[in-house]
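Listed below, chain by chain, are the residues.
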Amino acid sequence: MKLTEMKEWKALEAHSAKAGKARLRDLFAADPKRAEKFTVEAAGIYFDYSKQRVGAGTMNMLCDLAEASGLRGKIEAMFSGEKINVTEGRAVLHTALRAPKGTVVKVDGEDVVPQVHEVLDRMEAFSRKVRAGEWKGHTGKAIKNIVNIGIGGSDLGPVMAYEALKNYSQRGLTFRFVSNIDGTDFAEAVQDLDPAETLFIVASKTFTTLETMTNAQTAKDWALAALKDPAAIAKHFVALSTNAAKVAGFGIDTANMFGFWDWVGGRYSMFSAIGLSTMIAIGPENFRAMLAGAREMDEHYRTAPFDVNLPALMGLLNVWNNNFLGAASIAVLPYEQYLKRFPAYLQQMTMESNGKRVTIDGQAVDYQTSQVYWGEPGTNGQHSFYQLIHQGTKLIPCDFIAFSKAAHSLGRHHDLLMANVFAQAEALAFGKTADELKQEGVKDWLIPHKTFEGNRPSTTMLLDELTPAALGRLVALYEHSVFTQGMIWQIGPFDQWGVELGKVLAGRIAPELEGKAEPELKHDASTNALIRRYRARK
Ligand code: F6P
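### Observations concerning the layout of surface pockets
No. 1: Of the volumes computed, that of the largest pocket is approximately 1200 Å³.
No. 2: Around the largest pocket, the lining comprises 43 residues; the ones closest to its centre are Ile151, Thr206, Thr209, Val499 and Lys503.
No. 3: Counting only elements with at least two residues in the lining of the largest pocket, the list comes to α9 (210-227), α15 (342-354) and α21 (500-514).
No. 4: For the lining of the largest pocket, the leading source of residues is α21, giving six residues.

Listed below in structure tokens is the structure:
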């Protein structure tokens, strides 16, 4: 049934007319137990959503919507390997990447879990060799530098996880990540590296992506210019891919390939072979701990009732803020420097998944789908864009993420960091009234400028410590929140047709820029003029 015609949706619409105007100040004043009632702790995450603009009625209605949308059955369909990515005819089984040995998950009648563990074991053996200095380059020198070449899910997960878990990494190894087709990215990544000590990990699910293939070819040329011998490729290049034929075609021996499968979406692939750089950095034990953390969240999502189910709650709160309070974007604000790439990682996961305008049946939606995700680590954002969140005209719900234990205990730093995250959520929710300012003796004319309206919703996630397991839990939390939202909106979160047109047009334009002869241009007038100007001046 059409979402907007469902009685549960209509009930929320009617409810939001009144409840949407409720003020957090009043809600907290009316119920001393509010913080307790709207906090859930599961899988190591203390999830306080009491500063969201919801009441018990709102949450019941949202959970009813989830039930009526068949979310429970859809979760089961995903976990059990049904081909829920219908436009590509694929199962969606990133959860199988963290399934323990012995679990059975079948795709087309075949249990995929043994394959997952076979690849993990090979990754482990390879990582151990590199970490121990036993994987030698062509000249006999040990590998010291690891350069991951990939883009989208083949870059963002690895770079985010490397940065997040740098404190667990083997510091004697240098890690670089090259993604952009802009030659600057490659040039800067390798400018101080010795080719004899450098391993390239070419990460591409399809092994056809223009950026990655171009960068990989440049890497090959760079390595061979120094090492001379084509036999060096086997020592300095490995591939992470689903496409063995293309890997071999590129000149990488498939013995040096770590595979994965079409049922792992690019943006859901950081726990697959795509995580090889992560495993080399943090070691197999830590990598497996990260998998175990994600698995904990998987089990929680699959079994917990929706009203105490973190990914379901997170997803439903986003639906509430997006569709009923009109919040078009969401800020993800980790108060943890190591999570500096987490917002960028989430941008692909959330927006490439749920940035859709038709339902799974191809009908245009008449409601909003994915919010725009963005963010920066605290406290940097406070001295930049928080002004708009506090006093601007847009409603921007915030996800605060913080850890009780400091990664580095340095004087007052961590207490001050935590004071700031708690203060921001408090200020956003409760603001500062004109009366309060008056009592402080603020001059009348300044009062409108200094008033904080408050009532700006946020969720605070408090974890004990940023460990590999904690990162696994956080990533799986967001993955399943994205799924929850996609199922409510009746869209398909696992394809990405919206990226295709630009690729096709770039393929058409590239020869028009590169050719010697003046091309016959058949684009629009603006594009034609840009191409001509570029050709004249490059
Ligand atoms: O163009 C988008 C996309 O297909 C992403 O979904 C994907 O993560 C990225 O490109 C990279 O793809 P691949 O791993 O196949 O190189």
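Additional details are given in the paragraphs that follow.
### Focus on the packing of helix α6 (residues 113-131) against helix α13 (residues 284-303)
No. 1: Look at α6 against α13: their axes get within 10 Å of each other, and the N-to-C directions meet at 145°. Of the residues in α13, those touching α6 at His117, Leu120, Asp121, Met123, Glu124, Arg128 and Arg131 are Pro284, Glu285, Phe287, Arg288 and Leu291.
No. 2: Class assignment for the residues of the contact of α6 with α13 results in five nonpolar, one polar and six charged.

### Thoughts on the nonpolar core
No. 1: By size, the foremost hydrophobic cluster in this structure holds 120 residues, and its most contacted members are Trp263, Phe342, Ile401 and Leu471.
No. 2: Among the elements that make up this core, the one with the highest residue count is helix α20 (residues 468-488) (eleven residues).
No. 3: Apart from residues lying up to four places away in sequence, leucine 471 is in contact with Met160, Ala161, Ala164, Leu165, Met270, Met290, Leu339 and Leu466.
No. 4: Judged by nonpolar contacts, the second largest core, of 24 residues, contains Ala189, Ala196, Leu227 and Ile233.

### Quick notes on the packing of aromatic side chains
No. 1: This structure, assessed with the given rule, holds 23 aromatic pairs.
No. 2: Considering the side-chain rings of phenylalanine 28 and phenylalanine 430, the 5.1 Å spacing of their centres and the 80° angle between planes classify their relative orientation as edge-to-face. In this pair, phenylalanine 28 is assigned in helix α2 (residues 24-30) and phenylalanine 430 in helix α17 (residues 413-430), connecting sequence segments 402 residues apart.
No. 3: Taking 6.1 Å as the distance between ring centres and 80° as the angle between the ring planes, the aromatic pair formed by phenylalanine 207 and phenylalanine 250 counts as edge-to-face. Of the two residues, phenylalanine 207 sits in the loop between β7 (198-203) and α9 while phenylalanine 250 sits in helix α11 (residues 244-250), which places them 43 residues apart along the sequence.
No. 4: Among the aromatic residues, those joined into a ring-pair cluster are Trp9, Trp320, Phe324 and Tyr367.
No. 5: One cation-aromatic arrangement involves arginine 122 over phenylalanine 258; the distance from NZ or CZ to the ring centre is 4.7 Å.
No. 6: Across the ring face of phenylalanine 250, the terminal group of lysine 220 is positioned such that the distance to the ring centre comes to 4.3 Å.

### Here we look at the side chain of threonine 95
No. 1: Counting through the fold element by element, threonine 95 comes out in the loop between α5 (71-79) and β3 (106-107).
No. 2: For threonine 95, the contacting residues outside a window of four places in its chain are Phe79, Asp298 and His480.

### Looking at the site of the ligand
No. 1: What surrounds the ligand is a group of 14 residues, the closest being Ser154, Ser204, Thr206, Thr209 and Glu352.
No. 2: Serine 154 is positioned with one of its side-chain polar atoms (N or O) 2.6 Å from an oxygen atom of the ligand.
No. 3: Taking a 2 Å distance to the grid points as the criterion, the majority of the atoms of the ligand fall inside the largest pocket.
No. 4: Here the shell around the ligand is built from residues that sort into two nonpolar, nine polar and three charged.

### Structural notes on the environment of arginine 131
No. 1: Along the chain, arginine 131 falls in helix α6.
No. 2: Overall, the relative accessible area of 24% leaves arginine 131 in the partly exposed class.
No. 3: For the pair formed by arginine 131 and glycine 431, sequence separation is 300 residues and the distance between their alpha carbons is 51 Å.
No. 4: Arginine 131 has contacts with Gln170, Leu173, Met279, Ile280, Ala281, Ile282, Gly283 and Pro284, leaving out every residue within four places of it along the chain.
No. 5: A distance of 2.9 Å separates a polar atom in the side chain of arginine 131 from the backbone oxygen of alanine 281.

### Comments concerning unusual backbone geometry
No. 1: In this chain, glycine 378 is followed by threonine 379 through a cis amide linkage whose omega measures 0°.
No. 2: Within the fold, threonine 379 resides in the loop between β11 (372-374) and α16 (386-391).
No. 3: One non-glycine residue, alanine 43, lies in positive phi territory at about 45°.
No. 4: Owing to a relative accessible area of 13%, alanine 43 belongs among the buried residues under this scheme.
No. 5: The phi dihedral of lysine 228 falls on the positive side, at around 65°, and the residue is not glycine.
No. 6: Assignment of secondary structure puts lysine 228 in the loop between α9 and α10 (233-236).

### Examining the sheet that holds strand β10 (residues 329-334)
No. 1: Taken together, the six strands give an open sheet; going across it, the order is β1-β2-β13-β12-β10-β11, and neighbouring strands pair in mixed fashion. Single-partner strands in this sheet number two, and they are β1 (39-42) and β11. Averaged over all neighbouring strand pairs, the angle between strand axes comes to 15°, with direction disregarded.
No. 2: In this sheet, strand β12 (residues 398-403) lies alongside β10 in parallel orientation, the contact comprising four bridges. By the bridge assignment, leucine 333 is partnered in β12 with phenylalanine 400.

Analysis parameters
- Residues numbered from 1 in each chain as written.
- Predicted model: local features only at pLDDT ≥ 70, side-chain atom pairs only at ≥ 80, totals over all residues.
- Heavy atoms only, no water.
- 1 Å grid on protein atoms, 1.4 Å probe; cavity = no way out; pocket = protein on both sides within 12 Å on 5 of 7 lines; lining within 4 Å.
- Points joined across faces, edges and corners; volume = space filled by probe spheres on them.
- Helix = DSSP H or I, 4+ residues; strand = E, 2+ residues; numbered from the N terminus.
- Axes fitted to C-alpha atoms, helices over the stretch in contact; angles between N-to-C directions.
- Contact = heavy atoms within 4.5 Å.
- Nonpolar A, V, L, I, M, F, W, Y, C, P; charged D, E, K, R; others polar.
- Core = buried A, V, L, I, M, F, W, Y, C linked by side-chain atoms within 4.5 Å.
- Buried < 20%, exposed > 50% of the residue type's maximum accessible area, 1.4 Å probe, protein only.
- Phe/Tyr/Trp six-rings, centres within 6.5 Å; stacked < 30°, edge-to-face > 60°.
- Lys NZ or Arg CZ within 6 Å of the ring centre and 35° of its normal.
- Near = heavy atom within 4 Å.
- Polar contact = N/O pair within 3.5 Å; in protein donor to acceptor, adjacent residues only side chain to side chain.
- Sits in = over half its atoms within 2 Å of the grid points.
- Pairing = 2+ DSSP bridges.

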